[in-house]
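Survey of secondary and tertiary structure
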Amino acid sequence: MKSAKPYIEEHKDRFLTELIDLLKIPSISADKAYANDVIKTADVIKESLEKAGCDKVEICDTPGYPIVYGEKMLDPKLPTILVYGHYDVQPPDPINLWDSPPFEPVIKKTELHPEGAIFARGSCDDKGQMYMHVKAMEYMTATNQLPCNVKFMIEGEEEVGSESLGWFVERNQEKLANDVILISDTGMIANDIPSITTGLRGLSYVEVEVTGPNRDLHSGLYGGAVANPINVLTKMIASLHDDDNHITIPGFYDKVEELSKEERAKMAEAPFSKEAYCKALDIEDVYGEAGYTTNERNSIRPTLDVNGIWGGYTGEGAKTVIASKAYAKISMRLVPDQNWKEITELFKNHFESIAPKGVTVKVNPHHGGTAYVTPIDSLGYKAASNAYETTFGKTPIPQRSGGSIPIVALFEKELKSKTILMGFGLDSDAIHSPNEHFGIWNYLKGIETIPQFYHEFTKLKNS
Ligand code: BES
Ligand code: MN
Ligand code: MN
C-alpha cells in the first residue's frame, strides 16, 4: 500500500477543520441537558462516514443514545474489520480550570506537541481518535486502496457505561460479524516510542452514603456525643488500604491474575523515567502498593480510589455543623480474572460490616466492566505491529493500560473476535481533565498508520 502521507499533506487543513467542527458540539452523555447535542453529533458522524465512502450508513436507535453504523462491503470473501469508537465526551468540569473554553477548540504548541495540539473536550478521548478512522477510510476509498470490508460502529454512551451498546451488540451479532475489531481510544508511550495497548482494566464503580443523626446538628451542642458521618466515612475509607497500600476488603485479591517473573521482567523493559513522571505531575515521589513498580501499579494491579467525596458545609466562611449525611464515589480498577459483580458484592458486604453503631451505610452500585488482555501472537497484533513499523520506523512496544473500555470484553464474548487497541494519545493529553488536547502530529500519524493496518491484516489473513 502506498503511503498516505502525500494525501494527508494535501488535505491536512480540511482534516483539522472538520475535527474542530465536530469538537464544537458538546456531546456530554452524562448530562441530560446536552441530549440534543449528543444526537446531533451522531448525525454529523453519519454524514462524515457517507462522505468517506461507506455504502450504507444508518443511525441505529437504542434505549439510549443512537449508534452510528456504517459499512463498505467489497466482497464477502475478504476479511472484515470492525472499527469501534465513541462520539460522546466527559463533562468539562471544573470549567474554570480550562485555559480556553472546552467547546471552542484552539490550537496551541506544547513541549510534547511542538507541531501544535487541539485543545478541546473530546479532542483525544475520543472524537479525535475516532475521526482518524473516518479520514483513513476517506483516503482508502478516494485512492481506490481499500483492501477489505469495513464496518464502523460509533456509540454515544461510552463515558457512561455503554449500556445501549451492550444491548445493540447482543441483538446484532450477524450484522457486526468481523475478523478483527480495531479501536483507537487509548494511548501510546511517547511520539518517538510507539506502543500498542494489550490490556485494559475492569471496573467496579459504587456510591456510598453514610447517615448519622436524622438532621444536621449544631457541632457544639452535639459534637463529641454522636457519630459524625463525615468523620466516620473518611475513617472507613482510610481503612480500605493497609500500610503497604494493599486493599483490605476480604477476598478482593482472590482471583487476581499474578504475572510470572518473566512477564514482569518483560514489562520492566518498557522505557520509564520516574523523574520525568514526577516532574510532569509536580509530585515529589510516586505512591502505591508495596512490591510493585509504577507501571505495574497502574496496569496489572487492581486499585481502589475515591473519585469524589462530599457532605456538610463547603460554602464560604465557616458554619459549625455536624451533617446528617456524607457521601463518596469510589472506583475499583480490576484486572483479569476479577469479576466486577463479585467485587462489587465483596465491597458492599465489607463496607457495611465496618460501619460503627450510630450510622447507617448504603452502597449503591453504578456500572462495571471486565478487564481485557489481547495476545501478541494474533494476526491482528502482528498486522498492527507491522503497520507501526512502516509509519514510525520502529517496532511498537506492547503495553497494558490502566484505563477501561468495558465493552471490549463483551465484544469478545458476543462477537468472538479479538480487539486491537491502536491508540495515538499521550497520557499527558489530559483526557477527562481540564485542557484536554490531542497532538496534530498524533492525529495525522494515526490517519497514516490505520490504512497500513488494513493492508497488513488483509495480507496476513490471505496468506
Ligand atoms: N478512552 C477511555 C479509556 C482509556 C483511556 C483506556 C486511555 C486506556 C487509555 C475511555 O473513554 C474511558 O474513559 N473509560 C472509562 C470507563 C467508562 C466505563 C466510564 C474509564 O476508564 O474511566
Ligand atoms: Mn474513550
Ligand atoms: Mn473517556
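What you see is a predicted model; the values in this text were computed from it and never measured. The residue count restarts for each chain, going from 1 along the sequence in the order it is written. Following the order in which they are written, the chains are lettered starting with A and the ligands numbered starting with 1. The predicted nature of this model means local features are confined to residues of pLDDT at least 70 and side-chain atom pairs, given and counted, to a pLDDT of 80 or more, with totals for whole chains, interfaces and linings taken over all residues. Each side-chain value is worked out from all heavy atoms of the structure, with water and hydrogens disregarded.

1. Observations concerning the packing of aromatic side chains
Here is the rule: The pairing test for Phe, Tyr and Trp rings, Trp by its six-membered ring, is centres within 6.5 Å, and the orientation test on the planes gives stacked under 30 degrees, edge-to-face over 60, and tilted for anything in between. Working definition: with a 1.4 Å probe on protein chains only, accessible area under 20% of the residue-type maximum means buried, over 50% means exposed, and in between means partly exposed. Numbering of helices and strands runs from the N terminus; a helix is a DSSP stretch of H or I covering at least four residues, while a strand is a stretch of E covering at least two.
In this structure the tally under the stated criterion is twelve aromatic pairs. Both rings, one in tyrosine 7 and one in phenylalanine 15, keep their centres 6.3 Å apart while their planes meet at 45°; by these two values the pair is tilted. The same class applies to tyrosine 7 as to phenylalanine 15, namely buried. With centroids separated by 5.1 Å and ring planes inclined at 15°, the aromatic side chains of phenylalanine 347 and phenylalanine 351 adopt a geometry described as stacked. Of the two residues, phenylalanine 347 and phenylalanine 351 both sit in helix α9 (residues 340–353), four residues apart, roughly one turn of that helix.

2. A short note on the site of ligand 1
How we decide: Whether a residue is near a molecule or strand depends on its heavy atoms: if one lies within 4 Å, it is near. In protein, a polar contact means a hydrogen-donor-capable atom and an acceptor-capable atom, both N or O and within 3.5 Å, with residues adjacent in sequence counting only if both atoms are side-chain atoms; elsewhere, any N or O pair within 3.5 Å suffices. For accessible areas, the Shrake-Rupley method is used with a probe of radius 1.4 Å. Any residue's cover is judged against the shown protein chains and nothing else. Residue polarity follows a fixed list, in which Ala, Val, Leu, Ile, Met, Phe, Trp, Tyr, Cys and Pro are nonpolar, Asp, Glu, Lys and Arg are charged, and the others, Gly among them, are polar.
The local shell around ligand 1 holds 17 residues, among which Glu158, Asp185, Arg333, Ser404 and His432 are the closest. The contact in question runs from an oxygen atom of ligand 1 to an N or O atom on the side chain of histidine 86, over 3.2 Å. A distance of 2.7 Å separates an oxygen atom of ligand 1 from a polar atom in the side chain of arginine 333. In the complex, 89% of the free accessible area of ligand 1, which totals 520 Å², lies under the protein chains. Here the shell around ligand 1 is built from residues that sort into five nonpolar, seven polar and five charged.

3. Comments concerning the coordination of the manganese ion (ligand 2)
The line we're drawing: Coordination partners: N, O, S within 2.8 Å of the metal, 3.2 Å for Na, K and Ca; water not considered, so apparent gaps in a site are possible. Here a site with four donors is tetrahedral if all angles are between 85 and 135 degrees, and a site with four or six donors is square planar or octahedral if opposite donors are over 155 degrees apart and the other angles are between 65 and 115; anything else gets the irregular label.
Of the protein atoms, only His86 (NE2), Asp125 (OD), Asp185 (OD) and Asp185 (OD) coordinate the manganese ion (ligand 2), at distances of 2.0 to 2.4 Å. Relative to the metal, the six donor atoms surrounding the manganese ion (ligand 2) lie at angles of 56 to 165°, and the coordination shape comes out irregular. The manganese ion (ligand 3) is placed at 3.6 Å from the manganese ion (ligand 2), the two being bridged by aspartate 125. One end of the pair, histidine 86, is in strand β3 (residues 80–86); the other, aspartate 125, is in the loop between β5 (117–119) and α3 (127–142), and 39 residues separate them in sequence. Take histidine 86 and aspartate 125: they sit in the same class, and that class is buried.

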